[in-house]
Amino acid sequence: MRFFDYDLPEELIAQEPANPRDSSRLMVLRRDDSLIEHARFYMLPRFLKEGDLLVFNKSRVIKARLPGIKRNGGAKIEILLIRRLEDDLWEVMAKPAKRLKVGVEIEFGNKGELSCVVEGVLEGGFRRVRFSYEGNDFMSLLEKLGDVPTPPYIKKKVKDPKLYQTVYAHVSGSVAAPTAGFHFTERLLNKLKARGIRLAFLVLHVGAATFLPVRGDIRKHRVPPEYYEVSEECAHEVNSALSEGRRVIAVGTTTTRVLEGIADADGFISPGSGWTDLFILPGYRFKVVKALITNFHLPRTTLLALVSAFAGEAFLKKAYEIALRERYRLYSFGDAMLLL
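Within the protein, the regular secondary structure consists of 6 helices and 17 strands. Across the 340 residues in the protein, those meeting the buried criterion constitute 56%. Long-range pairs, those at least 24 residues apart, make up 72% of the contacts in the protein with a sequence separation of at least 6. Of the roughly 15700 Å² of accessible surface on the protein, 48% is carried by carbon and sulfur atoms. Within the protein, one finds 52 positive and 42 negative side-chain charges whose respective centroids are separated by 5 Å.

See below:
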């Protein structure tokens with residue numbers, strides 16, 4: 001597998017979103033004739049057709065970065081929530097993790113307000129912890145005590161947490177944003193609807209491990225399971241579009257993984273919830289998604305592998321070479337691609 005790496009020019013890593021969001025640049029890739037066009041994201045409607053269905057991930061990012069101290073010692077520990085396993089049991093990343101053995105307790109905020117105990121030591125610095133807290137609203141405590149878990153390549157502190165949310169984020173649970181949706185504004189969504197373009201929403205709670213670089217042979221890599229929910233309304237919209245020959249356009253790799261992961265052999269989906277660990281590599285046959293909106297991704301990641309599978313390796317490599325030459329802004333707060 002050749003194209004899961006490229007030279008990373010750090011000065012192109014966007015440190016804040018475009019303002020307004022839909023003023024970000026948009027690279028349009030036409031797969032049928034290998035043509036590339038440059039535009040702005042607010043011009044998206046001109047590249048879509050009446051009846052197209054845009055499918056969004058409406059998961060909302062929680063304040064998943066928790067600064068705390070070890071009980072009986074006082075050493076500073078930072079916990080990053082990765083994914084909820086059950087009720088108050090979470091898989092987390094810890095920094096520093098070396099001394100966090102089973103039974104170690106960590107406190108956050110005022111004494112007794114929120115704490116956790118390590119129940120399992122996992123590979124790669126991950127831990128399994130169980131939280132205890134006053135009251136019954138864990139998410140409210142996170143909002144009070146936690147910080148926005150922006151990726152490490154964003155060096156500037158995000159002053160307004162809303163900047164690391166999509167405008168349609170609704171269901172709390174992600175620890176990293178579905179960033180392809182950052183470019184949409186309420187104005188643009190209304191313009192799309194007015195043009196006869198349909199919108200549907202599902203949920204995939206994004207875990208930070210999705211964005212970790214692949215080590216070794218990418219074909220042996222495994223994606224940690226992530227929780228999804230697909231409503232009857234969303235399933236109906238997708239199935240109707242497929243039945244009527246209208247395009248299903250996924251907003252982001254997270255949306256793509258849900259749709260493709262739950263589709264039957266003909267591409268039709270059923271409502272429901274569960275966990276997906278679908279890892280899409282070049283050679284995959286897409287059953288549902290006919291077009292894709294995505295950002296420019298980190299080297300050596302499963303996200304880049306998915307986009308490469310959709311665009312074709314040679315075509316995507318050409319697109320990235322042009323993006324770097326034309327100084328596109330990269331990653332979470334960066335510019336976008338539309339693959340048709």
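There's plenty left to go through after this.
We now examine the nonpolar core. Within the largest apolar cluster, 59 residues are counted, with the highest numbers of intra-cluster contacts made by M27, V238, V248, L259, V288 and M337. Setting aside its immediate chain neighbours within four residues, V238 contacts L53, V55, V248, L259, I269 and V288. Core analysis: the second largest hydrophobic core is formed by 28 residues, L80, V92, A97 and L145 among them.

Here we come to helix 1 (residues 138-145). Looking at helix 1, one finds that the buried residues are F138, L141, L142 and L145. Taken end-on, helix 1 shows its buried residues confined to a sector of 105°, consistent with a single buried face. Looking at the buried residues of helix 1, the elements they touch are strand 5 (65-70), strand 6 (76-86), strand 7 (89-95), strand 8 (105-108), strand 9 (114-121) and strand 10 (126-133).

The next point concerns the sheet that holds strand 7. The strand order 5-6-7-10-9-8 describes a closed barrel built from 6 strands, whose pairing is antiparallel. The mean angle between the axes of side-by-side strands here comes to 45°, regardless of whether they run parallel or antiparallel. Sheet topology note: the strand 5/strand 8 ladder contains 2 bridges and is antiparallel. If you follow K70 over to strand 8, its bridge partner there is I106. The sheet strands contacting helix 1 are strand 5, strand 6, strand 7, strand 8, strand 9 and strand 10, and the helix crosses strand 6 at an angle near 150°.

Now for the environment of N19. Its place among the elements puts N19 in the segment before strand 1 (25-30). With 164 residues separating them along the chain, N19 and H183 place their C-alpha atoms 9.7 Å apart.

Next up on the list: the sheet that holds strand 2 (residues 35-40). Spatial strand order, 2-1-17-16-14-3-12-13-15: 9 strands in an open sheet with mixed pairing. A single partner strand is all that each edge strand has here, and the edge strands are strand 2 and strand 15 (272-276). Pairwise comparison of adjacent strand axes, ignoring direction, gives a mean angle of 25° for this sheet. Sheet contacts for helix 4 (residues 253-262): strand 3 (53-57), strand 12 (198-204), strand 13 (226-230), strand 14 (248-251), strand 15 and strand 16 (291-295); angle to strand 12, the most-contacted strand, approximately 85°.

For the rest of this paragraph, the subject is the packing of aromatic side chains. Summed over the entire model, instances satisfying the criterion amount to 19 aromatic pairs. Both rings, one in Y164 and one in F333, keep their centres 6.1 Å apart while their planes meet at 90°; by these two values the pair is edge-to-face. Of this pair, Y164 sits in the loop between helix 1 and strand 11 (171-174) while F333 sits in the loop between helix 6 (313-325) and strand 17 (336-339), placing them 169 residues apart in sequence. For F333, a relative accessible area of 3% puts it in the buried group. Each residue in the set F41, F56, Y168, F184 and F201 is aromatic and connected to the rest through ring pairs, giving one cluster. Seen from the ring of Y328, R25 lies directly overhead, with NZ or CZ sitting 3.9 Å from the centre. Positioned above the aromatic ring of F310, the side-chain terminus of R31 is 3.8 Å from the ring centre.

With that out of the way, let us pick up empty space enclosed by the protein. Per the counting criterion, the structure on display carries 2 cavities of 30 Å³ or more. Forming the boundary of the second largest cavity are P17, A18, R21, S24, F182, H183, S332, F333 and G334. Here the residues of the lining of the second largest cavity sort into 4 nonpolar, 4 polar and 1 charged.

Here the focus is the side chain of R246. Of note, R246 is situated in the loop between helix 3 (232-243) and strand 14. One polar contact links the side chain of R246 to the main-chain carbonyl oxygen of G51, over a distance of 2.7 Å. For R246, the residues in contact, after removing those within four places along its chain, are G51, R198, S240 and A241.

Moving on, we come to the layout of surface pockets. Considering only enclosed or pocket space, the largest pocket measures out at about 1100 Å³ in volume. Taken together, 40 residues form the lining of the largest pocket, with R65, T150, P151, P152 and Y153 sitting closest to its centre. When contributions to the lining of the largest pocket are tallied by element, the ones reaching two or more residues are strand 6 and strand 7. Per-class residue counts for the lining of the largest pocket are 24 nonpolar, 5 polar and 11 charged.

The rules we used
- Residues numbered from 1 in each chain as written.
- Predicted model: local features only at pLDDT ≥ 70, side-chain atom pairs only at ≥ 80, totals over all residues.
- Heavy atoms only, no water.
- Helix = DSSP H or I, 4+ residues; strand = E, 2+ residues; numbered from the N terminus.
- Buried < 20%, exposed > 50% of the residue type's maximum accessible area, 1.4 Å probe, protein only.
- Contact = heavy atoms within 4.5 Å.
- Areas by Shrake-Rupley, 256 points an atom, 1.4 Å probe, with all protein chains shown as cover.
- Lys, Arg positive; Asp, Glu negative; His and termini not counted.
- Charge placed at Lys NZ, Arg CZ, Asp CG, Glu CD.
- Core = buried A, V, L, I, M, F, W, Y, C linked by side-chain atoms within 4.5 Å.
- Arc of directions from axis to C-beta.
- Pairing = 2+ DSSP bridges.
- Axes fitted to C-alpha atoms, helices over the stretch in contact; angles between N-to-C directions.
- Phe/Tyr/Trp six-rings, centres within 6.5 Å; stacked < 30°, edge-to-face > 60°.
- Lys NZ or Arg CZ within 6 Å of the ring centre and 35° of its normal.
- 1 Å grid on protein atoms, 1.4 Å probe; cavity = no way out; pocket = protein on both sides within 12 Å on 5 of 7 lines; lining within 4 Å.
- Points joined across faces, edges and corners; volume = space filled by probe spheres on them.
- Nonpolar A, V, L, I, M, F, W, Y, C, P; charged D, E, K, R; others polar.
- Polar contact = N/O pair within 3.5 Å; in protein donor to acceptor, adjacent residues only side chain to side chain.

Keep in mind these values describe shape, not function.
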